[in-house]
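Okay, here's what each chain looks like letter by letter:
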Amino acid sequence: MTIKPKAKKFRIRRSPAAPDAGPGGEAAAARPVPAPDMHSSASAASASAQPQPPNTAAQAATAAGKSPQFGSQSGGQTGGQTGDPSGALSGQVSSARETRLETDIDAIRQEGLTGRQLRMARRVAQKHDLPATSDFDAVRLLREKGIDPFKRANMLELVVPQNKAQPDNTPAVGQNVQLPQTVPAAKINLPSTELSPAERRQHEISEMQRAIAGRRRRKLVLLMARLAFFVLLPTLITGYFFYAVATPMYATKSEFLVLKADGAGAVSSLLSGTQFATSQDSIAVQGYLQSKGAMLRLESEMGFKTHFSQDWIDPIQRLDPNATNEQAYKIYKRNVKIGYDPTEGVVRMEVSAADPEISAEFSRRLISYAQDEVNHLSEQKRSDQVSEAEAALELAENKRREAQRHLVELQQDGMVLDPEGVILSLRSQINTFEVQVQQKELELAALMDNTRPNRAKVAGVEADINRLSEVIKRLNDRMTDASEGENSLANHRVQIQMAQADLATRDLMLQSALQQVESTRMEANRQVRYLTTAVAPVASEEPSYPRKFENTILAFLIFSGIYLLCSLTASILREQVSS
């Protein structure tokens, strides 16, 4: 619980003179005075230490322990001797320091400090052995000594070892202290030379502002130094290289298309005018021009390595005279850029070299290589299609030849060219003789109907019937032999029919193969690919690379991004380590 300081104003108390008062005012001194509180005693002590004005007789008499007398006739007489009923006057006046202290405490009270902050200030004041009479007084005393009571370091320093010696005015170790103890104010015997609270506050604010400004200037200088070293200096070096050292490269641009001859089919005519008809061929040509084979062919015909190995080319773009094909291929990929546009079907090519005429010549040679590749692709495709059709035709011819030879062998083995005709002939003969037998039987029955038949005629008719029956029996036996058994005419006839059907099938397949060969040859002639140049290569008069300003700005952005990422990473790691 804190003790609120009380301001003492000037007061005059009237008290009657004692009849038994002696000289010098013993009665006034013997009058009982109520005991003041701690703050009043401290204020009185501080007030007694202040110098008194020489022209104030009442205050001097009060300080000497005597009451001033009113209406006295001589200097040595008391109020009791004169018999003045007005009595003596006694009073107490606050000093300038006390008034200043009260003003500072009122100002601190108006700051709206929380209870936790006030308790923390009391603990910090006790740690520094300051005689604070209240929480607000503790804040005032700490600020006078230049100590911030709310600083984090002061909060951490409150934790002290248990064996630390305690001051005389604090409880001993192990004593259970619930509240901060009040320390009596020290007596000040000399006038204070400190600044006023407003001036001190203004001075402290100025000092803090100067410290903050100095710290900001130091941080700004360090930031500018880091930016200059990690961003501006590399950017200047890069810009100097692009503007003064880098060899100018001349780029030659060209465009060409891979087209296909118009076809007669519905599907081919539908896709022949679009990029989908030759997209695969265009992609194949692009891949070939970007391959190591094209680079080696260009080296053998134009001296690609020799051109990029010249001494006047900058070190980054210069190729070692004894460089391998892999190193030359890296330079080739960097200086030969080929792109295929699937929406338009156009292949765009850009060739860079240190000389504009050589760049244009490189571009023309690469276009001729692309033309050769297109012709090779179309030739291979046509030859593959025609060869497959001709192989199918040859197979059909062989199969038909085998079927025909098998039919001839069957006919030769049976010694009969037409077994079915032989069987039909036997059947017709049997039918004819059976009809004659029926007629003879009818004639015999007519003769036998007579009462006395002619025996000679009856015998002749019966003999005819017997002869016809023998003939029919022989024909039936022959028919049976031709229809039954493995070597019968019927079996032979079935085998011949199967061979004839197989031969007919092979004839149809041979005819289809012939048509396929003819259509394949016609389609192969229609599927001819050819390359047409849309934009011819022309030598450039001004260098296209390096792009000095754009590359310098890009380098600045890259270095700035790297610095920003590194600084953010360092800040995050520093925060993680500190926490």
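Here the structure is shown first, and the text comes after it.
Thresholds applied
- Residues numbered from 1 in each chain as written.
- Predicted model: local features only at pLDDT ≥ 70, side-chain atom pairs only at ≥ 80, totals over all residues.
- Heavy atoms only, no water.
- Helix = DSSP H or I, 4+ residues; strand = E, 2+ residues; numbered from the N terminus.
- Buried < 20%, exposed > 50% of the residue type's maximum accessible area, 1.4 Å probe, protein only.
- Contact = heavy atoms within 4.5 Å.
- Areas by Shrake-Rupley, 256 points an atom, 1.4 Å probe, with all protein chains shown as cover.
- Patch = residues over 30% accessible without salt bridge, like charges linked within 9 Å, V, L, I, M, F, W, Y side chains within 5 Å.
- Salt bridge = Lys/Arg side-chain N within 4 Å of Asp/Glu carboxyl O.
- Lys, Arg positive; Asp, Glu negative; His and termini not counted.
- Charge placed at Lys NZ, Arg CZ, Asp CG, Glu CD.
- Pairing = 2+ DSSP bridges.
- Axes fitted to C-alpha atoms, helices over the stretch in contact; angles between N-to-C directions.
- Polar contact = N/O pair within 3.5 Å; in protein donor to acceptor, adjacent residues only side chain to side chain.
- Parallel < 35°, antiparallel > 145°, perpendicular 65-115°, else oblique.
- Left-handed = near helix turned anticlockwise from the far one by under 90°.
- Phe/Tyr/Trp six-rings, centres within 6.5 Å; stacked < 30°, edge-to-face > 60°.
- Nonpolar A, V, L, I, M, F, W, Y, C, P; charged D, E, K, R; others polar.

Q: What's the story with the overall build of the protein chain in this structure? I'm lost.
A: Tallying secondary structure elements over the protein chain gives 19 helices and six strands in all. Taken over 579 residues, the protein chain has a buried fraction of 29%. Long-range pairs, those at least 24 residues apart, make up 75% of the contacts in the protein chain with a sequence separation of at least 6. Element-wise, carbon and sulfur atoms account for 56% of the exposed surface of the protein chain, whose accessible area totals about 37500 Å².

Q: Is there a simple way to think about a positive patch on the surface in this case?
A: On the surface, Arg 215, Arg 216, Arg 217, Arg 218 and Lys 219 cluster together into a patch of positive charge. Assignment of secondary structure puts Arg 218 in helix α9 (residues 197-245).

Q: Would you mind showing me how to read the sheet that holds strand β4 (residues 336-341) here?
A: Through backbone hydrogen bonds, the strands of a sheet pair up, either in parallel or in antiparallel fashion. Taking strand neighbours across the sheet as the criterion, the four strands line up as β4-β5-β3-β6 in an open arrangement whose pairing is antiparallel. What marks the edges here is a single partner per strand, and that holds for β4 and β6 (529-535). Here the strands of the sheet are splayed against their neighbours by 25 degrees on average, with no regard to which way each runs. For strand β3 (residues 250-260) and strand β5 (residues 346-353), the ladder comprises eight bridges, and the chain directions are antiparallel. Bridge assignment links Leu 257 to a residue of β5, and that residue is Val 346. Across the face of the sheet, helix α11 (residues 279-289) comes into contact with β3, β4, β5 and β6 while running at roughly 170 degrees to β4. The strands touched by helix α14 (residues 325-335) within the sheet are β4 and β5, with β4 carrying the most contacts at an inclination of about 50 degrees.

Q: What's the story with helix α7 (residues 135-144) in this structure? I'm lost.
A: Residue pairs three or four apart in sequence face the same way in an α-helix, which turns once every 3.6 residues. Burial analysis of α7 places eight of its 10 residues in the buried class, which makes it a mostly covered element. Looking at α7, one finds that the buried residues are Asp 135, Phe 136, Asp 137, Ala 138, Val 139, Arg 140, Leu 141 and Leu 142. For α7, the secondary structure elements touched by its buried residues are α5 (96-109) and α6 (115-127). Two or three places before Asp 137, at the start of α7, stands the capping residue Ser 134, its side-chain oxygen 3.2 Å from that residue's backbone nitrogen.

Q: Just checking my understanding: could you explain the packing of α6 against α7 for this structure?
A: The geometry of a pair of packed helices is captured by two quantities: the angle between their axes and the separation between those axes. As a packed pair, α6 and α7 sit with axes 8 Å apart at the nearest point and diverge in direction by 55 degrees. The angle between α6 and α7 falls in the class oblique. Our pair here, α6 against α7, has a crossing hand that is left-handed. Here Leu 118, Ala 121, Arg 122, Val 124 and Ala 125 of α6 come into contact with α7, specifically with Asp 135, Phe 136, Ala 138, Val 139 and Leu 142.

Q: Before we go on, may I ask you to explain the pattern of salt bridges in this structure?
A: Pairs may arise between side chains of opposite charge once their charged atoms sit close together. For the structure on display, the rule yields 22 salt bridges. Ionic pairing is found between Arg 143 and Glu 111, a salt bridge with its closest N-O pair at 2.8 Å. Of the two residues, Arg 143 sits in helix α7 while Glu 111 sits in the loop between α5 and α6, which places them 32 residues apart along the sequence. The exposure class of Glu 111 is partly exposed, given its relative accessible area of 33%. Glu 144 serves as the salt-bridge partner of Arg 140, at 2.6 Å between the closest nitrogen and oxygen. In this pair, Arg 140 and Glu 144 both sit in helix α7, four residues apart, roughly one turn of the helix. A relative accessible area of 4% means that Arg 140 is categorised as buried.

Q: Where do I start with the pairing of β4 in this structure?
A: Each regular strand displays side chains that alternate between the two surfaces of the sheet. Looking at chain direction, β4 and β5 are connected through six bridges and run antiparallel. What sits directly across from Val 336, in β5, is Val 351. Hairpin connection of β4 to β5: four residues between the antiparallel strands, including Gly 345 at a positive phi of 75 degrees.

Q: Just to check I follow, could you spell out the packing of aromatic side chains for this structure?
A: Within a pair of aromatic rings, the relevant descriptors are the distance that separates the centres and the angle that separates the planes. As enumerated under the stated definition, the model contains seven aromatic pairs in all. A ring pair is formed by Phe 304 and Phe 308, whose centres lie 4.9 Å apart and whose planes are at 50 degrees; its orientation type is tilted. Residue Phe 304 and its partner Phe 308 are located together in helix α13 (residues 304-308), separated by four residues, close to a single helical turn. The class of Phe 304 is buried, set by a relative accessible area of 1%. Ring centres of Phe 304 and Tyr 332 lie 5.6 Å apart, and the angle between their planes is 75 degrees; this geometry places the pair in the edge-to-face category.

Q: Would you take a moment to explain the packing of α9 against helix α19 (residues 548-578) for this structure?
A: Two elements in contact, α9 and α19, have axes separated by 9 Å at closest approach and are oriented at 155 degrees. One finds that α9 runs roughly antiparallel with respect to α19. As α9 runs across α19, the sense of the crossing is right-handed. Seen from α9, the contacting residues are Leu 223, Arg 226, Leu 227, Phe 230, Val 231, Leu 232, Pro 234, Thr 235, Thr 238, Gly 239, Phe 242 and Tyr 243; seen from α19, they are Lys 548, Phe 549, Asn 551, Thr 552, Ala 555, Phe 556, Phe 559, Ser 560 and Tyr 563. Split into classes, the residues belonging to the contact of α9 with α19 amount to 13 nonpolar, six polar and two charged.

Keep in mind these values describe shape, not function.
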